[in-house]
Amino acid sequence: MQRTLITIGLAVLITGLLWPWLSKLGLGRLPGDIRVQTGSGVFYFPLATCLLVSVVLSIVVWPLRR
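Keep in mind that this is a model prediction, so the values were computed, not measured.

Draft legend 1. The arrangement of the pairing of strand β1 (residues 34-37) in detail. Looking at chain direction, β1 and strand β2 (residues 42-45) are connected through 4 bridges and run antiparallel. Looking across to β2, one finds that Gln37 is bridged to Val42. Linking two consecutive strands that pair antiparallel, namely β1 and β2, is a turn of 4 residues.

This is the structure we're talking about:
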């Protein structure tokens with residue numbers, strides 16, 4: 001459990017440090033991301049981005065678990 005939490009923390013840290021470069025890839029602005037803008041606010045759900053990240057992480061982690 002400790003190793004898992006440390007790994008997740010390091011992944012979040014690395015993602016945060018690399019965010020300026022990762023944001024230039026277009027993640028969060030893919031076709032399929034839902035954005036509803038009204039006069040009182042904005043609702044944003046990055047559906048396509050979540051699916052893409054899930055698939056990529058599954059492909060990366062799958063060989064490591066074998």
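Let's pick the thread back up.
Draft legend 2. Representation of the environment of Tyr44 in the model. Turning to its location among the elements, Tyr44 is positioned in strand β2. Residue classification places Tyr44 among the partly exposed residues on the basis of a relative accessible area of 36%. C-alpha of Tyr44 to C-alpha of Gly28: the two residues are 16 residues apart in sequence and 9.4 Å apart in space. The contacts of Tyr44, once residues within four sequence positions are left out, are Gly28, Arg29, Asp33, Ile34 and Arg35.

Draft legend 3. Up close: the environment of Phe43. Secondary-structure assignment places Phe43 in strand β2. With 22 residues separating them along the chain, Phe43 and Arg65 place their C-alpha atoms 36 Å apart. Residues in contact with Phe43, not counting those within four places in the same chain, are Ile34, Arg35 and Val36.

Draft legend 4. Examining the side chain of Asp33 more closely. Mapped onto the elements, Asp33 comes out in the loop between α1 (2-22) and β1. In terms of polar contacts, Asp33 uses its side chain to reach the side chain of Thr49, at 3.0 Å. When residues no more than four places from it in sequence are discounted, the contact partners of Asp33 are Gly28, Tyr44, Phe45, Pro46, Leu47, Ala48 and Thr49.

Draft legend 5. Here's a closer look at a nonpolar patch on the surface. Taken together, the side chains of Ile6, Leu10, Leu13, Ile14, Leu17, Leu18 and Trp21 present a nonpolar region at the surface, about 750 Å² in accessible area. Relative to the helices and strands, Leu17 resides in helix α1. Judged by its relative accessible area of 58%, Leu17 is exposed.

Rules of the game
Residues numbered from 1 in each chain as written. Predicted model: local features only at pLDDT ≥ 70, side-chain atom pairs only at ≥ 80, totals over all residues. Heavy atoms only, no water. Pairing = 2+ DSSP bridges. Helix = DSSP H or I, 4+ residues; strand = E, 2+ residues; numbered from the N terminus. Buried < 20%, exposed > 50% of the residue type's maximum accessible area, 1.4 Å probe, protein only. Contact = heavy atoms within 4.5 Å. Polar contact = N/O pair within 3.5 Å; in protein donor to acceptor, adjacent residues only side chain to side chain. Patch = residues over 30% accessible without salt bridge, like charges linked within 9 Å, V, L, I, M, F, W, Y side chains within 5 Å. Areas by Shrake-Rupley, 256 points an atom, 1.4 Å probe, with all protein chains shown as cover. Salt bridge = Lys/Arg side-chain N within 4 Å of Asp/Glu carboxyl O.

In short, geometric facts, not functional conclusions.
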